[in-house]
Amino acid sequence: MKHIIILGDGMSDHPVEKLGGKTLLQYAKTPYMDLLAKEGKTGRLITVPEGFMPGSEVANTAIMGYDLNKVYEGRGPLEAASIGYEMAPEDMAIRCNVIYLEDGKIITHNGGNLSTEDGDILMKYLNEKLGNEHVKFITGIQYRHLLIIKYASKHIVCAPPHDHPNEEWKPLLVKSEPGWEDVHEPIIGLDGKPTGEVRLSGKETADLINDLILKSQQLLSEHPYNKNKAASGKRQANSIWPWSGGYRPSMKTLMQMYPTIKSGSVISAVDLIRGIGHYAGLDIIKVPGATGLADTNYEGKTKAAIDALKKQDFVYLHLEATDEAGHDGDLELKINAIQYLDHRVIEPIYNEIMTWNEPVCIAVLPDHPTPVEIRTHVKEPVPFLIWYKGIQADMVQQYDEVSCTTGEYGLIELQQFMDTFMKY
């Protein structure tokens, strides 16, 4: 039995008055999700452990079967892995958004939908002006970049910018975790032993990052890219915003955890998902035209998933567009993104594997809700379905947040999903 997880990031939502009190999954036309729910089994999944924020790095790691309390190191190290940066023991890697500020507030977390090409120009500019032997800016994808700070502490409190739209940015600057203000943590080497060196304290690290934020604002405001944007009245990419930092993680591969998986791939436009896949032992497949937005290359990602599944045992296919539409508060765009996922991804995959002799098990789910009326992640259970040819179906007839509450799997949590999925 081969296995494929199709994940619509942030796809689940709340009831919306404009839609007659329906959620977006209830309202959208999703005949193939509904078909898989009708022919398969459904339930709800808690994807975020107690004590963790509902970020995609947390939820996707849990969905893949990992105990967050043992492996979690934040987004930064995952994104470092995805772009081929091998972290040294003394490194602290932290996600570095390029965002848009106006009138003292965070207007958007994505720098006005910054392109990767323009993001690369700005990252190289900042690295030239602010980088040194301890600080390095590295290009990622679109607005999602990477900051490496040697000897920095991960024990800081950072505000994810997508959680604070239209809020004042100064009160959200980085702070030390309580109790770590003056602690100089020893650095642990790859052999698991202290190297004899220590890290900056939490306060020293927070002060350093805040200084980089303030300096970036001045530098970015002077860059021709933003001067042109300002002149045309468009949103700019006028500040960095680092968050979710950590050290090099220690994770078993999926092959070590689930012996039936001999090989597998991850397909995503998002660095942190590729990074999870890297540490999970999966091949990273990069699809031309995969943007993480509603204009992504759905057909290319679908073909890549089918081709990978022909050769391998396991595929993790991640689609980001639903989450981005939720963060933008764009109801129509999120409905379209859900429908694109159904008819441009799930439909061709289902039709293809129905012609195969070898059975394939499909799971469809989000990692967390990103409700359009809230514009940020929320910590709530998500609906999921599991299907393969011949599975004994439950009574659920369609795939959505409400219908799946009566599914046969009931309410499960965290690693239970992967354990359940891999039983087939």
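Residues numbered from 1 in each chain as written. Predicted model: local features only at pLDDT ≥ 70, side-chain atom pairs only at ≥ 80, totals over all residues. Heavy atoms only, no water.

A.B. asks: Help me get a handle on the layout of surface pockets, residues and values and all.
C.D. replies: Looking at the largest pocket, its volume works out to about 560 Å³. Around the largest pocket sit 24 residues that line it, and Met 53, Glu 57, Tyr 72, Ile 156 and Ser 244 are the ones nearest its centre. Contributing elements (two or more residues each) for the lining of the largest pocket: helix 3 (56-63), strand 7 (156-157) and strand 11 (239-246). In terms of residues, the lining of the largest pocket owes the most to one element, strand 11, which gives three residues. Class assignment of the residues belonging to the lining of the largest pocket gives a composition of ten nonpolar, eight polar and six charged. The calculated volume of the second largest pocket comes to roughly 260 Å³. Counted by class, the lining of the second largest pocket contains seven nonpolar, two polar and three charged residues. (1 Å grid on protein atoms, 1.4 Å probe; cavity = no way out; pocket = protein on both sides within 12 Å on 5 of 7 lines; lining within 4 Å. Points joined across faces, edges and corners; volume = space filled by probe spheres on them. Helix = DSSP H or I, 4+ residues; strand = E, 2+ residues; numbered from the N terminus. Nonpolar A, V, L, I, M, F, W, Y, C, P; charged D, E, K, R; others polar.)

A.B. asks: Hey, could you go over the environment of Thr 405 for me, with residue numbers and the actual values?
C.D. replies: For Thr 405, the location among the structural elements is in the loop between strand 16 (382-387) and strand 17 (411-413). For the pair Thr 405 and Phe 384, spaced 21 residues apart in sequence, the C-alpha to C-alpha distance is 9.8 Å. A polar side-chain atom of Thr 405 sits 2.6 Å from the main-chain carbonyl oxygen of Val 402. (Polar contact = N/O pair within 3.5 Å; in protein donor to acceptor, adjacent residues only side chain to side chain.)

A.B. asks: Give me the lowdown on the sheet that holds strand 2 (residues 41-46), citing residues and values where you can.
C.D. replies: Within a sheet, each strand pairs with its neighbour through backbone hydrogen bonds, oriented either parallel or antiparallel. Strand order across the open sheet formed by eight strands is 13-12-14-1-15-16-2-17, with mixed pairing between neighbours. Of all strands in the sheet, those bounded by a partner on one side alone are strand 13 (283-285) and strand 17. Strand-to-strand twist in this sheet, taken as the mean axis angle between neighbours without regard to direction, amounts to 25°. Across three bridges, the pairing between strand 12 (residues 264-267) and strand 13 is parallel. By the bridge assignment for strand 13, Ile 267 is matched with Ile 285. Contacts from helix 10 (residues 271-279) reach strand 12, strand 13 and strand 14 (314-319) within the one sheet, and its direction differs from that of strand 12 by about 170°. (Pairing = 2+ DSSP bridges. Axes fitted to C-alpha atoms, helices over the stretch in contact; angles between N-to-C directions. Contact = heavy atoms within 4.5 Å.)

A.B. asks: Go over the nonpolar core with me, naming the residues and quoting the values.
C.D. replies: Formed by 83 residues in total, the largest nonpolar core has its most connected members in Ile 6, Leu 254, Ile 362, Phe 417 and Phe 421. With ten residues, the top contributor of residues to this core is helix 13 (residues 331-353). Apart from the residues lying within four places of it in its own chain, the contact partners of Ile 362 are Ile 4, Ile 6, Leu 36, Ile 349, Ile 353, Leu 385, Ile 386, Trp 387 and Phe 421. Leu 126, Leu 147, Ile 209 and Ala 237 belong to the second-largest nonpolar core, a separate cluster that totals 38 residues. (Core = buried A, V, L, I, M, F, W, Y, C linked by side-chain atoms within 4.5 Å. Buried < 20%, exposed > 50% of the residue type's maximum accessible area, 1.4 Å probe, protein only.)

What is shown is where atoms sit, not what they do.
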